[in-house]
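Results of the structural survey
Here are the chains, one letter per residue:
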Amino acid sequence: MKVQILGTGCPKCLTLEANTRSAVAAEGIEATIEKITDIDEIMDMGVMITPALAIDGEVVSVGKVLNKDQVLALIKGAK
Amino acid sequence: MGCACGLDCPVLISYACSGAANTGLLADQVARKLMGDKVADMSCLAAVGANVSGFVLSAKETPRNIVIDGCKIGCGAKVFTEKGLIFEHYVITDFGVVKGKTPITEEVIQTVSAEIASRL
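1. Digging into unusual backbone geometry
Of the consecutive residues Thr50(A) and Pro51(A), the connecting peptide bond is found in the cis state with omega at 0 degrees. Counting through the fold element by element, Pro51(A) comes out in the loop between helix 2 (39–44) and strand 3 (52–55). Not every positive phi belongs to a glycine, and Ser18(B) is a case in point at roughly 55 degrees. Relative to the helices and strands, Ser18(B) is located in the loop between strand 1 (12–16) and helix 1 (22–36). Unusually for a residue other than glycine, Asn51(B) sits at a positive phi of about 65 degrees. As for its placement among the helices and strands, Asn51(B) is situated in the loop between helix 2 (45–49) and helix 3 (53–61).

Below, the structure written as structure tokens:
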């Protein structure tokens, strides 16, 4: 599973990244976590509001700082 | 993409029909003009219609979406309505542009974009 956090580096993006890493680690999920900060790459995925989260190439959240449980629910839903 | 991190500032995104007629061309040009003037960002209507996840979710989470259709067929509005997305609607032919007839000049682009901008 590939989990991507999309954001240019603002505090909200960093919080989402931390919550995502925490969710993956807590549940022992086998996942590659990737941070995408390039604005062109972010927009190529159609994301107009950051932070955003994508799982296996599908954007599952836009413009929200999800907490650990919310990230976990999306990861489990994508499995 | 403008200032849009976590919706801390107003986000306004336009979607143009970009159809084959002169009105579709004008819809596209007006959306680009609004983007150039920093009135509204622009995203891809076709991608929303094609259910590309990032585009659909961005439209869903954006406080204000502007759909600019060329004519009264309203394909852009239909795409947004079908997906349950909230939007404000503008139709190019409502601004005195005649489908298949009115030449799309810089003056027309300026006039229609200024009119839409004044209503936002």
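2. Describing the pairing of strand 3 (residues 64–69) of chain B
Residue and element names in this part refer to chain B. By the criterion of burial, strand 3 is predominantly enclosed, with 5 of the 6 residues buried. As paired elements, strand 1 and strand 3 share 5 bridges and run parallel to each other. Bridged to Ile13 within strand 3 is Asn65. Relative to strand 4 (residues 88–91), strand 3 runs parallel, the two sharing 4 bridges. Bridge pairing links Ile66 to Glu88 in strand 4.

About the cut-offs
- Residues numbered from 1 in each chain as written.
- Chains lettered and ligands numbered in written order.
- Predicted model: local features only at pLDDT ≥ 70, side-chain atom pairs only at ≥ 80, totals over all residues.
- Helix = DSSP H or I, 4+ residues; strand = E, 2+ residues; numbered from the N terminus.
- Buried ≥ 20, exposed ≤ 12 C-beta atoms within 10 Å, placed from the backbone.
- Pairing = 2+ DSSP bridges.

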